[in-house]
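# Fold and geometry: a report
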Amino acid sequence: MSSVIGLTPMRVFWTVFIVLAVWLQLFVPGSDFFASGIVLCLQRERFRRVLGLTLLAILIQEGPGALAFGAGVLRYGALIGIFFLGRSLFEPRSPVFILLLAAAFTLLQIIILHTMAGLQSMSIYGQRLVLEGLVMFCTFVVGWWILDTLYRFATRHASQS
């Protein structure tokens, strides 16, 4: 279904997701709400939409960040690589796959953050890094679950219209 101005339920869904992801990251430091959306996009959308969402997430993450450019590229590149690797071993929509993917992504995030901060001679506290990792793991899993539920609702609504 498409209206005169080109609004479809899926375009509205992804636009609202991007706005909410940016807004939520202001209030939850150390989180990455885009990662769960990228995984959902990898599971259900065409690769062109994944590329667009990933590029937008990289630009948004890298812009205000204190680290040198490249951490977001590494993070999302690794997420996509882990997804394709894990997809060959597990069903991509299974809860076990999502939990393992979230754990691997969180661990990689900690490693990338620690490495990039070290390259810039920034001091980073291990306890804070672990706490941010736990926050990221939880927001990834809960965010994916909520997004998956809303996506199924939106696609059902789009097919009935």
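The notes below deal with the structure included here. As the structure is a prediction and not an experimental result, all values here were calculated from the model.

## Topic: the overall build of the chain
Secondary structure summary: the chain contains six helices and zero strands in total. Across the chain, helices and strands are ordered from the amino to the carboxyl terminus as α-α-α-α-α-α. Here the chain holds 161 residues, and 39% of them are scored as buried. Across the chain, every contact between residues at least 6 apart in sequence was considered, and the portion connecting residues at least 24 apart equals 66%. Of the roughly 9,300 Å² that the chain leaves accessible, carbon and sulfur atoms contribute 71%.

## A short note on the nonpolar core
The biggest cluster of nonpolar side chains holds 32 residues, and the ones touching the most others in it are Phe13, Trp14, Ile38, Val39, Leu79 and Phe140. Those elements giving two or more residues to this core turn out to be helix H1 (9–27), helix H2 (33–44), helix H3 (47–62), helix H4 (71–87), helix H5 (95–119) and helix H6 (126–160). Setting aside its immediate chain neighbours within four residues, Trp14 contacts Gly37, Leu40, Cys41, Glu45, Arg49, Leu53 and Tyr151.

## Things to note about the packing of H3 against H4
Helix-helix packing is characterised by the crossing angle of the two axes and by the distance between the axes. It is the contact of H3 with H4, at a shortest axis distance of 8 Å, that shows an interaxial angle of 150 degrees. Relative to H4, the element H3 is oriented roughly antiparallel. Classified by chirality, the crossing of H4 by H3 is right-handed. Judged by residue contacts, Phe47, Val50, Thr54, Ala57, Ile58, Gln61 and Glu62 of H3 engage Ala71, Gly72, Val73, Arg75, Tyr76, Ile80 and Phe84 from H4. Residues belonging to the contact of H3 with H4 are distributed by class as follows: nine nonpolar, three polar and two charged.

## What to know about H1
Counted at 1.5 Å a residue, the expected span for H1 with its 19 residues is 27 Å, and the 27 Å between its end C-alpha atoms agrees. Along H1, the positions that sit buried rather than exposed are Pro9, Met10, Phe13, Trp14, Phe17, Ala21 and Gln25. Taken around the axis of H1, the buried residues stretch over an arc of 125 degrees, which confines them to a single face. Turned more than 90 degrees away from the buried face of H1, the exposed residues are Val19, Leu26 and Phe27.

## A look at the pattern of salt bridges
The full count for this structure, using the stated rule, is four salt bridges. In this structure, the salt-bridge partner of Arg49 is Glu45, at a minimum N-O distance of 3.0 Å. On the accessibility criterion, Arg49 (26% relative accessible area) is partly exposed. With a relative accessible area of 18%, Glu45 lands in the buried category.

## Focus: a nonpolar patch on the surface
Judged by side-chain polarity, Leu7, Val12, Val16, Leu20, Trp23, Leu26 and Phe27 come together as a nonpolar surface patch covering roughly 710 Å² of accessible area. Inspection of the secondary structure puts Val12 in helix H1. For Val12, a relative accessible area of 39% translates into the label partly exposed.

## Re the side chain of Thr139
In this fold, Thr139 is placed in helix H6. The class of Thr139 is buried, set by a relative accessible area of 13%. One polar contact links the side chain of Thr139 to the main-chain carbonyl oxygen of Met136, over a distance of 3.1 Å. Filtering out sequence-adjacent residues up to four positions away, Thr139 remains in contact with Val28, Ser31, Asp32, Phe33 and Trp144.

What counts and what doesn't
- Residues numbered from 1 in each chain as written.
- Predicted model: local features only at pLDDT ≥ 70, side-chain atom pairs only at ≥ 80, totals over all residues.
- Heavy atoms only, no water.
- Helix = DSSP H or I, 4+ residues; strand = E, 2+ residues; numbered from the N terminus.
- Buried < 20%, exposed > 50% of the residue type's maximum accessible area, 1.4 Å probe, protein only.
- Contact = heavy atoms within 4.5 Å.
- Areas by Shrake-Rupley, 256 points an atom, 1.4 Å probe, with all protein chains shown as cover.
- Core = buried A, V, L, I, M, F, W, Y, C linked by side-chain atoms within 4.5 Å.
- Axes fitted to C-alpha atoms, helices over the stretch in contact; angles between N-to-C directions.
- Parallel < 35°, antiparallel > 145°, perpendicular 65-115°, else oblique.
- Left-handed = near helix turned anticlockwise from the far one by under 90°.
- Nonpolar A, V, L, I, M, F, W, Y, C, P; charged D, E, K, R; others polar.
- Expected span 1.5 Å × (residues − 1).
- Arc of directions from axis to C-beta.
- Salt bridge = Lys/Arg side-chain N within 4 Å of Asp/Glu carboxyl O.
- Patch = residues over 30% accessible without salt bridge, like charges linked within 9 Å, V, L, I, M, F, W, Y side chains within 5 Å.
- Polar contact = N/O pair within 3.5 Å; in protein donor to acceptor, adjacent residues only side chain to side chain.

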